[in-house]
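# Notes for the structure review
Below, each chain spelled out in residue letters.
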Number of protein chains: 2
Amino acid sequence: MEVGVGIHIIADFYGVDSELIATTERMYPIIEGAVEYGRLTKISSDYYQFRPKGASGIVLLAESHLSFHTWPEYGLVTLDIYTCGDPKTADDAFAYLVDKLRPTSISTRKIVRGDMIEEAGENQIEEAALH
Amino acid sequence: MEVGVGIHIIADFYGVDSELIATTERMYPIIEGAVEYGRLTKISSDYYQFRPKGASGIVLLAESHLSFHTWPEYGLVTLDIYTCGDPKTADDAFAYLVDKLRPTSISTRKIVRGDMIEEAGENQIEEAALH
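Residues numbered from 1 in each chain as written. Chains lettered and ligands numbered in written order. Predicted model: local features only at pLDDT ≥ 70, side-chain atom pairs only at ≥ 80, totals over all residues. Heavy atoms only, no water.

What follows concerns the UniProt feature "active site" in chain A. All names here are of chain A. With numbering aligned to this structure, UniProt lists the feature "active site" at Ser64, His69 and Cys84. Relative to the helices and strands, serine 64 is located in strand S4 (residues 64–71). Here cysteine 84 shows up in the loop between strand S5 (76–83) and helix H2 (88–101). Of the residues examined, cysteine 84 reaches a relative accessible area of 5% and is grouped as buried. (UniProt positions renumbered as here; feature names shortened; annotations may be inferred. Helix = DSSP H or I, 4+ residues; strand = E, 2+ residues; numbered from the N terminus. Buried < 20%, exposed > 50% of the residue type's maximum accessible area, 1.4 Å probe, protein only.)

This next bit is on helix H1 (residues 24–37) of chain B. All names here are of chain B. Counted at 1.5 Å a residue, the expected span for H1 with its 14 residues is 20 Å, and the 19 Å between its end C-alpha atoms agrees. All of the buried residues in H1 are Thr24, Met27, Ile30, Ile31, Glu32, Gly33, Ala34 and Val35. Summarising the contacts, the buried residues of H1 are in contact with strand S2 (42–49), strand S3 (55–61), strand S4 (64–71), strand S5 (76–83) and helix H2 (88–101). One or two positions beyond H1, positive phi appears at arginine 39, with a value near 55°. (Expected span 1.5 Å × (residues − 1). Contact = heavy atoms within 4.5 Å.)

Our next topic: the relation of the copies chain B and chain A. Mapping chain B onto chain A calls for a rotation angle of 180° and an axial translation of 0.0 Å; the resulting RMSD is 0.0 Å. Look at the turn and shift together and you get a two-fold axis relating the two. Measuring from the rotation axis to each C-alpha of chain B, the shortest distance belongs to Ile58(B), at 3.9 Å. Comparing contact sets, 100% of the residues at the interface of chain B also lie at the interface in chain A, consistent with an isologous, same-surface contact. (Least-squares fit on C-alpha atoms with pLDDT ≥ 70 in both.)

This next bit is on the interface of chain B and chain A. Facing the 50 residues of chain B at the interface are 50 residues of chain A. Summing the contributions of chain B and of chain A, the shared interface buries around 3,800 Å²; its carbon and sulfur component is 65%. The interface formed by chain B and chain A includes four salt bridges. In this structure, the salt-bridge partner of Arg113(B) is Asp80(A), at a minimum N-O distance of 2.9 Å. At the boundary of chain B with chain A, the tally comes to 20 residue pairs in polar contact (both at pLDDT 80 or more). Sorting the residues of the side of chain B that touches chain A by element identifies strand S1 (6–14), S2, S3, S4, S5, strand S6 (105–113) and helix H3 (122–127) of chain B as the ones contributing at least two each. (Buried area = accessible area lost by both parts, 1.4 Å probe. Salt bridge = Lys/Arg side-chain N within 4 Å of Asp/Glu carboxyl O. Polar contact = N/O pair within 3.5 Å; in protein donor to acceptor, adjacent residues only side chain to side chain.)

If you want it as structure tokens, here you go:
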């Protein structure tokens, strides 16, 4: 993987059960569970219930952030998992979300953030504060 | 532009003044200003100060979210502006951030989220709740 400050998984989940993603009440344990399963460090989280249905939420992490937005009318959840530190944490959180949301198809991109930083060897990055 | 539920601008700003991006105190008005300039609808926002320096913040929007993470040691700010509705709002917020942060170089991607939703004409999308 290229050097950078973090890994960002950008994923759109299709074919997700509409009832499951209609409310923050049902999304909350899934999202918080992903943070825990990925051994990520939560600073804060906030959720918002759309009317009549649909939910958004964002978790500010010491390692960056995890966010979701749902469109129950399309069975769609858009997810962002952006972490610095061990890249496996993002992969684990992602795997947890796939397992809990059970999409029928996924569109995903994984990108390296800050990959153009100069004179930044791996040791320097490891020593930088988590974001 | 392809049909989808929203536009996501993923940008890494390099060569930004380290002092400017070292604290939430200085980043707060820039981020909140971008939300206002883009005519976006803030639901909530949260900021975190890293020690000794570095800041993260996230704004939950009715239209999705805007987030940033700074690495003053690299002059780096990573930004995400994800909006549904009028795509110009994301472009305007982005332009505001370029103007205020004055990076020497930018790496940017613009992607359509949820572009594989089926049988979703533009009218249907416009009628869907904002996220």
